[in-house]
Amino acid sequence: MQEVRAMVRPLTAGVDASGESLAAAHWAAREALRRGAPLHVVHAWKRQPLPAPSGGCGDDRREVGEQVLERAVRSVRAAHPGLEVQALLPAESPVTALLAAAEDSEMLVLGSRGLGRVAGFVVGWVSQRVVARAARPVVLVRAGETSADEHLPALDGVSPEEIPEIPYRDVVLGLDPRHPLDEPIEFAFDSARRRGTALHVVHAVGDVHAHAAGGPAVLTEQEHLVNAALRPWREKYPGVPVTETVSTGRPAPQLVRASSRACLLVVGRRTRDGLFGPHIGSVAHAVLHHVACPVAVVPHA
């Protein structure tokens, strides 16, 4: 009997002329190689849903878009010659094009301008709307992010070719054990497995004083909830070492602290609309402004 291979969804990177989008494309290329998946590189050239004025401005925008896309694809192919790369140039607005691309992808990867080595992202208008509405995980990558940043510090004298052999930093997952959600948990476990690294699960219980009356009991109870939420996933991914941190305080500062030594931070996003429509969520919004490593925002019901 002929073996039937499961369809492998592509990864998609959205690019423009910025350095941050090129860093995102290279991060997506490395992730595609880890997953044995093809990479789609997308640039949407129609910036507004209006007819082009006379004088060929529409053609000019398309020509510029072709150049932007060609540069990004050429750079990715040169760095990853074994990767299957497809260039896509939809004549749509960026938000519309990226949301459509995300529908058919394993994940969407976008660049975001960094605020400095110890600060977080500048999440632009397009990225905010895509993250808030995408049906698939969206990973945000800062300008300047390289393969070396995913790995533990290299010893002096290590050549760039040897960096992939250095162990990866941990993957960090923000977890609320009262509402354990399959999609972010599985994404985090799977990401750690593919990198051969550990998963660090972080849960902040809120404003409970650890030394006040009842404080230790609350922490112990929450630790039990975390262990219970993770038990089936430990069994599904037995090769992934897991550590848990349960502490008092707000979630975002704890996640920011943990992510300083991470290669990827994973947070969830509810797909239900808020009062003013789709939104990223308070924790995801907070960490994006303070985290330096790539952040995966994973939608869940």
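Residues numbered from 1 in each chain as written. Predicted model: local features only at pLDDT ≥ 70, side-chain atom pairs only at ≥ 80, totals over all residues. Heavy atoms only, no water.

1. Regarding the side chain of Thr197
Moving on, step 1. Structurally, Thr197 can be placed in the loop between α6 (182-195) and β8 (199-204).
Moving on, step 2. At a separation of 3.2 Å, a polar atom in the side chain of Thr197 contacts the main-chain carbonyl oxygen of Tyr168.
Moving on, step 3. Beyond its immediate chain neighbours, meaning those up to four positions away, Thr197 contacts Tyr168, Arg169, Asp170, Val171, Ala192, Val240 and Pro241. (Helix = DSSP H or I, 4+ residues; strand = E, 2+ residues; numbered from the N terminus. Polar contact = N/O pair within 3.5 Å; in protein donor to acceptor, adjacent residues only side chain to side chain. Contact = heavy atoms within 4.5 Å.)

2. Describing helix α8 (residues 251-259)
Moving on, step 1. Among the residues of α8, those classed as buried are Ala252, Gln254, Leu255, Ala258 and Ser259. Down the axis of α8, the buried set is contained in an arc of 165°. They therefore lie on one face. (Buried < 20%, exposed > 50% of the residue type's maximum accessible area, 1.4 Å probe, protein only. Arc of directions from axis to C-beta.)

3. Some remarks on the layout of surface pockets
Moving on, step 1. Considered as a void within the structure, the largest pocket measures approximately 580 Å³ in volume.
Moving on, step 2. Every residue lining the largest pocket is counted, 27 residues in all, and those nearest its centre are Gly174, Asp176, Gly268, Val283 and His300.
Moving on, step 3. When contributions to the lining of the largest pocket are tallied by element, the ones reaching two or more residues are β7 (170-174), α6, β8, α8, β10 (262-270) and α9 (282-288).
Moving on, step 4. Here the element with the most residues in the lining of the largest pocket is β10; it accounts for 4 residues.
Moving on, step 5. When grouped by side-chain class, the residues that make up the lining of the largest pocket number 14 nonpolar, 9 polar and 4 charged. (1 Å grid on protein atoms, 1.4 Å probe; cavity = no way out; pocket = protein on both sides within 12 Å on 5 of 7 lines; lining within 4 Å. Points joined across faces, edges and corners; volume = space filled by probe spheres on them. Nonpolar A, V, L, I, M, F, W, Y, C, P; charged D, E, K, R; others polar.)

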